[in-house]
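If you want the building blocks of each chain, they are given just below.
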Amino acid sequence: MPENIFYRARRTVAALFTKRCICCKNKFSGRQCLCADCSKKILPEGKAFCENFVTAAAYAYCGPARDVMLHFKFNKSYALCIDTLSDWLCYGFDRYYPGERFDFAVSVPAFGGHPRLELIASDFARRRGLRYRPALLSKIRRTQKQHTLSAAERSLNLRGAFAANPAVAGKKILLVDDIFTTGSTVKECASVLISAGAAKVSVLTVLKTISETEDLNF
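Since the structure is predicted, the reported quantities are computational estimates derived from the model, not experimental observations.

**Considerations on the overall build of the protein chain**
The number of helices and strands found in the protein chain is seven helices and nine strands. Going through the 218 residues of the protein chain one by one, you find that 48% of them count as buried. Considering only contacts in the protein chain between residues 6 or more positions apart, those separated by 24 or more positions represent 69%. In the structure as shown, the protein chain presents an accessible area of about 10,900 Å², 54% of it carried by carbon and sulfur atoms.

Below you can see the structure in the form of structure tokens.
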């Protein structure tokens, strides 16, 4: 699905400026925050059935892709990565959900604020003609940071932390997140959406972690 003329123009202008690659720090020009050489090193991921919903990730959480995500999540100059991560979501959507129609797109929410995830999720949704409605899924209590916990602790940490708007009843929902690690976050969010009556929940993440013994197509 083509993006509209405004987004094509914005990305064309951005490509004219010289910047430094997030990964190798070499100077280059282009829309993304990775140079051409580093972009060639990112690894594609895959699509799988997870409990009662489908999940897909654009790329593997390693190498240059990991560098971009960490910069986006923890660096003050995170805006440099928005176009790149939005591009990756578009790639994952086009590859793993071609021709599928969704009533709404939502993203994993944060407690008491607007997460950076909303910046890339909203940009991606506009580019793919999806109705992005982050208010349909909310976080109703504060939790510990997931990356500080074990797999078992992650699941317990999120139990009862999310709530879905009744407007999701009977709707097909695309749930967007940044990284699929153990799957605890998207599982909890998908469960809440389904319990609220969503007809179908599909998950799209930018990246997915891989283990040393795991096949890239999870």
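There's plenty left to go through after this.
**Topic: the side chain of Glu118**
Within the secondary structure layout, Glu118 lies in helix α5 (residues 117-127). We note that Glu118 is buried and unpaired, the nearest opposite charge coming from Arg126 at a distance of 9.7 Å. Look past the residues within four positions of Glu118 in its chain and what remains in contact with it is Ser107, Tyr132 and Pro134.

**Quick word on unusual backbone geometry**
At Lys25, a residue that is not glycine, the phi angle is positive and equals roughly 70 degrees. Within the secondary structure, Lys25 sits in the loop between β1 (18-20) and β2 (27-29). Classification of Lys25 by relative accessible area gives partly exposed; the value is 48%.

**Concerning the environment of Thr181**
Take Thr181: it is sitting in the loop between β8 (172-180) and α7 (184-195). Sequence separation between Thr181 and Lys208 is 27 residues; the distance between their C-alpha atoms is 6.1 Å.

**Considerations on the nonpolar core**
The biggest cluster of nonpolar side chains holds 63 residues, and the ones touching the most others in it are Leu85, Trp88, Tyr97, Phe124, Leu174 and Leu175. If you list the elements that add at least two residues to this core, you get β4 (53-60), α3 (63-74), α4 (82-96), β5 (104-107), α5, β8, α7 and β9 (200-208).

**As for the sheet that holds β4**
Sheet strands associate in pairs through backbone hydrogen bonding, adopting either a parallel or an antiparallel arrangement. An order of β3-β4-β9-β8-β5 is seen for the five strands of this open sheet, with the pairing classed as mixed. Among the strands making up the open sheet, the edge pair consists of β3 (47-50) and β5. Across the sheet, the mean angle separating the axes of adjacent strands is 25 degrees when strand polarity is ignored. Examined bridge by bridge, β3 and β4 share four bridges and lie antiparallel to one another. Note on β4: the bridge partner recorded for Phe49 is Val54. The strands touched by α5 within the sheet are β5, β8 and β9, with β8 carrying the most contacts at an inclination of about 135 degrees. Against the sheet, α7 touches β3, β4, β5, β8 and β9, its axis set at about 165 degrees to β8.

**Observations concerning the pattern of salt bridges**
Enumeration over the complete set of coordinates arrives at seven salt bridges. We note a salt bridge from Lys47 to Glu100, for which the minimum N-O separation is 3.9 Å. Separated by 53 residues along the polypeptide, Lys47 in strand β3 and Glu100 in the loop between α4 and β5 bring together distant segments of the chain. Since its relative accessible area comes to 35%, Lys47 is described here as partly exposed.

**Remarks on the pairing of β3**
Only one face of β3 is covered, namely the face carrying Ala48 and Cys50; the face carrying Lys47 and Phe49 is uncovered. In textbook terms, the turn of a hairpin is the stretch between consecutive antiparallel strands, and for β3 and β4 this stretch comprises two residues, one of which, Glu51, has a positive phi near 55 degrees.

Procedures and definitions
- Residues numbered from 1 in each chain as written.
- Predicted model: local features only at pLDDT ≥ 70, side-chain atom pairs only at ≥ 80, totals over all residues.
- Heavy atoms only, no water.
- Helix = DSSP H or I, 4+ residues; strand = E, 2+ residues; numbered from the N terminus.
- Buried < 20%, exposed > 50% of the residue type's maximum accessible area, 1.4 Å probe, protein only.
- Contact = heavy atoms within 4.5 Å.
- Areas by Shrake-Rupley, 256 points an atom, 1.4 Å probe, with all protein chains shown as cover.
- Lys, Arg positive; Asp, Glu negative; His and termini not counted.
- Salt bridge = Lys/Arg side-chain N within 4 Å of Asp/Glu carboxyl O.
- Core = buried A, V, L, I, M, F, W, Y, C linked by side-chain atoms within 4.5 Å.
- Pairing = 2+ DSSP bridges.
- Axes fitted to C-alpha atoms, helices over the stretch in contact; angles between N-to-C directions.

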